[in-house]
Amino acid sequence: MLGVRAQEVFETLAAGREDLFADLARQTAAHVAEYLVERAGPRGLAPVTYSTTLRVLVVPLDPAVRTRGVFTVGDGGTALLRDGSWDLAPGEGGQEEDEGRVIDTRTAALPMSRSVSARLLDTLPGDVLVVSTDGFSSPLAGETEMRAFLAGAWGGGTVPEPADFLWQFQYRVKSYDDDRTAAVLWEARP
């Protein structure tokens, strides 16, 4: 759905229109939810069988537009590494490396929930933006050592080689064993 409306999405991001982006996000999530219900029906399955969370990062191809769009349904996280410090909730007033942060394990899921969180984020050259499942965002929020390790590995302005990235991404943290999926965006320096 977003691909068909690519020009509208680009114009929304370029104008910094969070209200319009939120509308596009809700429409997209509703479209995905309807698709999941349609897939379950012919198989005689309840729509809950196709439950999933959703995390979307939209990045304009035009390097002059520094606004990124993020929308989500359900758990996971968005984090921003800037100048060696992590913001664990960018665009939400910031929760910088707070060891006392409460981690909520309840989650909404499509197609039952259509509760969409959408926001625009402005990035700077050298930033690292991470949109991930809770298998990565929870230990990142809860473990100082993991944040320090990844800030050192990812914050130097150089994108790691694929094998190094996979090794770094699998940083082991005791008692966190959920799956890990992420989109990581390294903003180019001029």
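Here goes a summary of the coordinates provided.

How each quantity is defined
- Residues numbered from 1 in each chain as written.
- Predicted model: local features only at pLDDT ≥ 70, side-chain atom pairs only at ≥ 80, totals over all residues.
- Heavy atoms only, no water.
- Helix = DSSP H or I, 4+ residues; strand = E, 2+ residues; numbered from the N terminus.
- Rg over C-alpha atoms; globule rule 2.2 N^0.38 Å.
- Buried < 20%, exposed > 50% of the residue type's maximum accessible area, 1.4 Å probe, protein only.
- Contact = heavy atoms within 4.5 Å.
- Areas by Shrake-Rupley, 256 points an atom, 1.4 Å probe, with all protein chains shown as cover.
- Lys, Arg positive; Asp, Glu negative; His and termini not counted.
- Charge placed at Lys NZ, Arg CZ, Asp CG, Glu CD.
- Axes fitted to C-alpha atoms, helices over the stretch in contact; angles between N-to-C directions.
- Parallel < 35°, antiparallel > 145°, perpendicular 65-115°, else oblique.
- Nonpolar A, V, L, I, M, F, W, Y, C, P; charged D, E, K, R; others polar.
- Core = buried A, V, L, I, M, F, W, Y, C linked by side-chain atoms within 4.5 Å.
- Pairing = 2+ DSSP bridges.
- Salt bridge = Lys/Arg side-chain N within 4 Å of Asp/Glu carboxyl O.

## Considerations on the overall build of the chain
- Scanning the chain from N- to C-terminus turns up five helices and seven strands.
- Taken from the N to the C terminus, the helices and strands of the chain come in the order α-α-β-β-β-β-β-β-α-α-α-β.
- For 190 residues, the compact-globule formula gives about 16 Å, and the C-alpha radius of gyration of the chain, at 17 Å, lands near that figure.
- For the C-alpha atoms alone, the extent of the chain along its principal axes is close to 50 × 40 × 30 Å.
- In the chain, which comprises 190 residues, the share counted as buried stands at 39%.
- Relative to all contacts within the chain whose residues are 6 or more apart in sequence, the contacts with residues 24 or more apart total 70%.
- Carbon and sulfur atoms make up 52% of the accessible area of the chain, which amounts to about 10,300 Å² in all.
- Both charge centroids of the chain, one from 18 positive and one from 28 negative side chains, sit 4 Å from each other.

## Things to note about the environment of Val-131
- As for its position among the elements, Val-131 is in strand β6 (residues 128-132).
- You can call Val-131 buried: its relative accessible area is 5%.
- Taking the C-alpha atoms as reference points, Val-131 and Arg-172, 41 residues apart in sequence, are found 19 Å from one another.
- Apart from the residues within four sequence positions on either side, Val-131 is in contact with Arg-55, Leu-57, Val-70, Gly-77, Thr-78, Thr-181, Ala-182 and Ala-183.

## Observations regarding the packing of helix α3 (residues 134-142) against helix α4 (residues 144-154)
- Two numbers describe how α3 lies on α4: the axes approach to 5 Å, and their chain directions differ by 105°. Taken together, the axes of α3 and α4 lie roughly perpendicular to each other. Touching Phe-136, Pro-139, Leu-140, Ala-141 and Gly-142 of α3 are Thr-144, Met-146, Arg-147, Leu-150 and Trp-154, all from α4.
- For the contact of α3 with α4, the residue count by class is seven nonpolar, two polar and one charged.

## Observations regarding the nonpolar core
- Within the largest apolar cluster, 17 residues are counted, with the highest numbers of intra-cluster contacts made by Trp-86, Phe-136, Leu-140, Leu-150 and Trp-154.
- Among the secondary structure elements, those contributing two or more residues to this core are β3 (77-82), β6, α3, α4 and α5 (162-169).
- Beyond its immediate chain neighbours, meaning those up to four positions away, Leu-140 contacts Ala-79, Trp-86, Leu-88, Met-146, Arg-147 and Leu-150.
- Among the nonpolar cores identified, the runner-up in size contains 16 residues, and Phe-21, Ala-29, Leu-54 and Val-73 belong to it.

## Re the sheet that holds strand β4 (residues 85-87)
- Read across the open sheet, the four strands follow the order β4-β3-β6-β7; overall the sheet is antiparallel. Sheet topology places β4 and β7 (182-186) at the edges, where each strand pairs with a single neighbour. Within the sheet, the average angular offset between the axes of one strand and its neighbour, ignoring direction, is 20°.
- Taken together, the three bridges between β3 and β4 define a ladder with antiparallel strand orientation. From the neighbouring strand, Leu-81 faces β4, where its bridge partner is Trp-86.
- Along the sheet, α4 makes contact with β3, β4, β6 and β7, crossing β4 at roughly 110°.

## Some details on the pattern of salt bridges
- Under the criterion given, the structure shown has six salt bridges.
- Between Asp-19 and Arg-17 there is a salt bridge, with the nearest N and O atoms lying 2.7 Å from each other.
- On the basis of relative accessible area, Asp-19 is assigned to the partly exposed category, the value being 43%.
- Put simply, Glu-187 and Arg-68 hold a salt bridge, and the shortest N to O gap is 2.7 Å. Taken together, the residues span a long stretch of sequence, with Glu-187 in the segment after β7 and Arg-68 in strand β2 (residues 67-73) at a distance of 119 residues.
- By relative accessible area, which is 8% here, Glu-187 ends up buried.
- Given a relative accessible area of 4%, Arg-68 falls into the buried group.
- When salt bridges that share partners are traced, they join Arg-66, Arg-68 and Glu-187 into one network.

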